[in-house]
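# Fold and contact review
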Amino acid sequence: MSALSSRLPAFPWDKLEPYKATAATHPDGLVDLSVGTPVDPVPGLVREALTAAADSPGYPTVWGTPALRDALTSWCERRLGAREVAHTNVLPIVGSKELVAWLPTQLGLGAGDRVAFPRLAYPTYEVGARLCGAEPVAYDDPLALDPAGIALLWLNSPSNPTGQVLPQEELTRIVAWAREHGILLASDECYLELGWEADPVSVLHPDVCGGTYEGLVAVHSLSKRSNLAGYRAAFLAGDAEVLGELLQIRKHGGMMTAAPVQAAVVAALGDDVHVQEQRARYAARRTALRAALESHGFRIEHSEASLYLWATRDEPCWQTVAHLAELGILVAPGDFYGVAGEQFVRVALTATDERVAAAVKRLEG
């Protein structure tokens, strides 16, 4: 038996451990700006909904409760500007990373198929291609790709790691190109509610998709907007035929969102106040960290959205990681996201106000 893991790259985060150990020796403690995991409290109304649904002895359904599907469709129409979103156009998933990693497999892709994704990107797009035996293809411009054999095209706007936002006009051209060539387009929009210097647009907006979801699926997560990373709460929206096929496969695979989590998602998507409060926290941290990094000699590129600052001192990224570790600050090296990031680091906004203030003091000191 050959190990499936042999198809995969080494898990990158293990390489950060020595630098984390160095940073942890700082007299004022570690400031971890690397992974991007939420640190702020889960909103009270979400915790209350979870608790109220805690007595859930039966199996949940893969498709979710009607109340959950109502919440998903209503949110897509209200927040994304999508029109006439039916229950068949939505599907709850067990966190967005699970979907990204296993979508090519669940679509039946394999040897002879190609999966395309941005050259600077979340590593799990490539992992998903390798897990099913498809060929991973990194691109700078999707419209410059040879469409032959491409079965799945990933977009990511706002981008992780760069924070770049694709303009509506460009999204419209890419959607048309993918449809022309019969390529399923999967748009990772998990940071869509965290636009700072740009207003991110979904591929499901009628001005982009022309009012039809054919050949399109969009991935959304509650991890960042609602501090629910620990809940594994996310969903797909888009082409009913594609989602219907995925629903059948996921039923067989038992890929069910826990019933209390489904209730929590209903509460989270029905409330915009906590989202604005969390945005305000991140905006303040972003402003402080950006100014401190620039005063320390960094240049910030893109970063117009998402939870990260894409920063460089025009030196190898591991040299930057080592330098900041000496200040007790841990960041992610840019080459985790592709060789094009080898002179950048990704700085997360996900630390407490106190820890961010500590980082700012060290950078400005």
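Presented here is a report on the structure given in the accompanying data block. (Residues numbered from 1 in each chain as written. Predicted model: local features only at pLDDT ≥ 70, side-chain atom pairs only at ≥ 80, totals over all residues. Heavy atoms only, no water.)

### A few points about the overall build of the protein chain
When helices and strands are counted, the protein chain shows twelve helices and 13 strands. Relative to its length of 365 residues, the protein chain is compact, with a C-alpha radius of gyration of 20 Å against a globular reference of 21 Å. For the protein chain, the C-alpha atoms occupy an extent of roughly 55 × 50 × 50 Å along the three principal directions. For the protein chain, the residues scored as buried account for 54% of the 365 residues in total. When contacts within the protein chain are restricted to residue pairs at least 6 apart in sequence, long-range pairs at least 24 apart make up 75% of them. (Helix = DSSP H or I, 4+ residues; strand = E, 2+ residues; numbered from the N terminus. Rg over C-alpha atoms; globule rule 2.2 N^0.38 Å. Buried < 20%, exposed > 50% of the residue type's maximum accessible area, 1.4 Å probe, protein only. Contact = heavy atoms within 4.5 Å.)

### Quick notes on the nonpolar core
Membership of the largest hydrophobic core comes to 65 residues, with the highest contact counts inside it found for Leu33, Trp154 and Leu236. The greatest single-element share of this core, amounting to five residues, is contributed by helix 12 (residues 353–364). If sequence neighbours within four positions are ignored, Trp154 has contacts with Leu99, Val100, Leu103, Val115, Ala116, Phe117, Pro118, Tyr125, Tyr139, Ala186, Asp188 and Val219. (Core = buried A, V, L, I, M, F, W, Y, C linked by side-chain atoms within 4.5 Å.)

### Description of the packing of helix 1 (residues 17–24) against helix 11 (residues 317–326)
One way to put it is that helix 1 packs onto helix 11 with a least axis distance of 7 Å and a crossing angle of 25°. Considering their axes alone, helix 1 and helix 11 lie roughly parallel with respect to each other. Residues Tyr19, Thr22 and Ala23 of helix 1 form the contact with helix 11, whose own contacting residues are Trp318, Val321, Ala322, Ala325 and Glu326. Within the contact of helix 1 with helix 11, the residues separate by chemical class into six nonpolar, one polar and one charged. (Axes fitted to C-alpha atoms, helices over the stretch in contact; angles between N-to-C directions. Parallel < 35°, antiparallel > 145°, perpendicular 65-115°, else oblique. Nonpolar A, V, L, I, M, F, W, Y, C, P; charged D, E, K, R; others polar.)

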